[in-house]
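Examination of the molecular architecture
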Amino acid sequence: DVKVTQSSRYLVKRTGEKVFLECVQDMDHENMFWYRQDPGLGLRLIYFSYDVKMKEKGDIPEGYSVSREKKERFSLILESASTNQTSMYLCASSPILAGVSNEQFFGPGTRLTVL
Amino acid sequence: DQQVKQNSPSLSVQEGRISILNCDYTNSMFDYFLWYKKYPAEGPTFLISISSIKDKNEDGRFTVFLNKSAKHLSLHIVPSQPGDSAVYFCAVSIQGAQKLVFGQGTRLTINP
């Protein structure tokens, strides 16, 4: 049974704090993704990684960084949290399977509130 | 510049009737299309997909239709059940590419 876990379901932080969101997958997937979900905006890609130590910017990378030191773990870092980063953060993973389904598997999400 | 649009933020349907959710995309290079379902406080889960070589794919109560000339995708749920109440996202991709582009989502409510 495929599994993507995220370190926290709910998180409250103060403006200016450094925030770490952790994601772990047990499916040996090469690809991992970080999205944020906001009402009316859908899921927007922040960063993704297709291999250990590799990362690529998504559509909204400003204010975020990522780290992938091990294949199963992908971390999202908010260097200095701001109130406009209050959101639901979703991690996903997928295998590299050229020519077949691009299905991604999602974690349960972290609801981050920045005060 | 939104590449994928779900123009209906919400939809309310009577239990037992058909639910139709719509999605439009702009880039004709997209050739793989997916629907995800999301309950509150949970991550999205994959529902059904279709490749551009087909115009219809069916899985139980769920059918996805693809109209390539109109760049339009729809999800039909019949009959609708209360457990179908959720937010539905369409997602598009270029087959073999690693990224998905998601629409804004449609909140479906099934009324008893």
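Residues numbered from 1 in each chain as written. Chains lettered and ligands numbered in written order. Predicted model: local features only at pLDDT ≥ 70, side-chain atom pairs only at ≥ 80, totals over all residues. Heavy atoms only, no water.

Overview of the side chain of Ser80 of chain B
All names here are of chain B.
- Relative to the helices and strands, Ser80 is located in the loop between strand E8 (72-77) and strand E9 (86-93).
- Of note is the side chain of Ser80, whose polar atom sits 2.8 Å from the backbone oxygen of Arg17.
- One polar contact links Ser80 to Ser19, side chain to side chain, over a distance of 2.6 Å.
- Those residues within four positions of Ser80 in sequence are excluded, and the remaining contacts are Val13, Gln14, Glu15, Gly16, Arg17, Ile18, Ser19, Arg61 and Ile110. (Helix = DSSP H or I, 4+ residues; strand = E, 2+ residues; numbered from the N terminus. Polar contact = N/O pair within 3.5 Å; in protein donor to acceptor, adjacent residues only side chain to side chain. Contact = heavy atoms within 4.5 Å.)

Remarks on a nonpolar patch on the surface
- Among the surface-exposed residues, Ile18, Ile20 and Val78 of chain B lie close enough to one another that they form a single nonpolar patch of about 230 Å² accessible area.
- Tracing the backbone through its elements, the reader meets Val78 of chain B in the loop between E8 and E9. (Patch = residues over 30% accessible without salt bridge, like charges linked within 9 Å, V, L, I, M, F, W, Y side chains within 5 Å. Areas by Shrake-Rupley, 256 points an atom, 1.4 Å probe, with all protein chains shown as cover. Salt bridge = Lys/Arg side-chain N within 4 Å of Asp/Glu carboxyl O.)

Points about the pairing of strand E7 (residues 64-70) of chain A
All names here are of chain A.
- Note: E7 against strand E8 (residues 73-78), 5 bridges, orientation antiparallel. The residue of E8 that forms the bridge with Tyr64 is Leu78.
- Taking the residues between adjacent antiparallel strands as the criterion, E7 and E8 are bridged by 2 residues. (Pairing = 2+ DSSP bridges.)

Quick look at the sheet that holds strand E6 (residues 56-59) of chain B
- Read from one edge to the other, the open sheet built from 5 strands follows the order E1-E3-E8-E7-E6 (chain B), with strand pairing classed as antiparallel. Edge positions in the sheet fall to strand E1 (4-5) and E6 of chain B, since each has one partner strand and no second.

Quick word on the packing of aromatic side chains
- Here the structure, examined in full by the defined rule, presents 11 aromatic pairs over all chains.
- Ring centres of Tyr25 of chain B and Phe30 of chain B lie 6.4 Å apart, and the angle between their planes is 70°; on these two criteria the pair is classed as edge-to-face.
- Exposure remark for Tyr25 of chain B: the relative accessible area of 6% places this residue in the buried category.
- Ring centres 5.7 Å apart and planes at 55° place the aromatic pair Tyr36 of chain B and Phe102 of chain B in the tilted group. With Tyr36 of chain B in strand E4 (residues 32-38) and Phe102 of chain B in strand E10 (residues 101-102), this residue pair connects regions lying 66 residues apart in the sequence. The same class applies to Tyr36 of chain B and to Phe102 of chain B, which are both buried.
- An aromatic cluster is present here, built from Phe33, Tyr35, Phe48 and Phe106 of chain A together with Tyr36, Phe46 and Phe102 of chain B joined pairwise through their rings. (Phe/Tyr/Trp six-rings, centres within 6.5 Å; stacked < 30°, edge-to-face > 60°. Buried < 20%, exposed > 50% of the residue type's maximum accessible area, 1.4 Å probe, protein only.)

Things to note about the state of the cysteines
- Within this structure, the stated rule accounts for 2 disulfides over all chains.
- The partner cysteine of Cys23 of chain A in its disulfide is Cys91 of chain A, sulfur to sulfur 1.9 Å. Between Cys23 of chain A and Cys91 of chain A the disulfide shows an S-S torsion of about -80°. By sign, it is left-handed. Of the two residues, Cys23 of chain A is situated in strand E3 (residues 19-25) and Cys91 of chain A in strand E9 (residues 87-94); the sequence distance between them amounts to 68 residues.
- Look at Cys91 of chain A and you get buried, because its relative accessible area is 0%.
- Linked covalently through their sulfurs, Cys23 of chain B and Cys90 of chain B form a disulfide whose S-S length is 2.0 Å. The chirality of the disulfide connecting Cys23 of chain B with Cys90 of chain B is right-handed, given an S-S dihedral of about 65°. Placement of the pair is Cys23 of chain B in strand E3 (residues 19-25) and Cys90 of chain B in strand E9, with a sequence separation of 67 residues. (Disulfide = S-S within 2.5 Å.)

What about the interface of chain A and chain B?
- If you look at the interface, chain A gives 25 residues, while chain B gives 21 residues.
- Among the residues of chain A in contact with chain B, Leu43, Asn102 and Phe106 of chain A are the three that bury the most area, contributing 29% of the side total.
- Run the count over chain A and chain B and you get 0 salt bridges.
- Linking chain A to chain B there are 5 residue pairs in polar contact (both at pLDDT 80 or more).
- The set of elements that each furnish at least two residues to the side of chain A that touches chain B consists of strand E4 (31-38) and strand E5 (42-49) of chain A.
- When the residues that make up the side of chain A that touches chain B are grouped by side-chain class, the tally is 14 nonpolar, 9 polar and 2 charged. (Buried area = accessible area lost by both parts, 1.4 Å probe. Nonpolar A, V, L, I, M, F, W, Y, C, P; charged D, E, K, R; others polar.)

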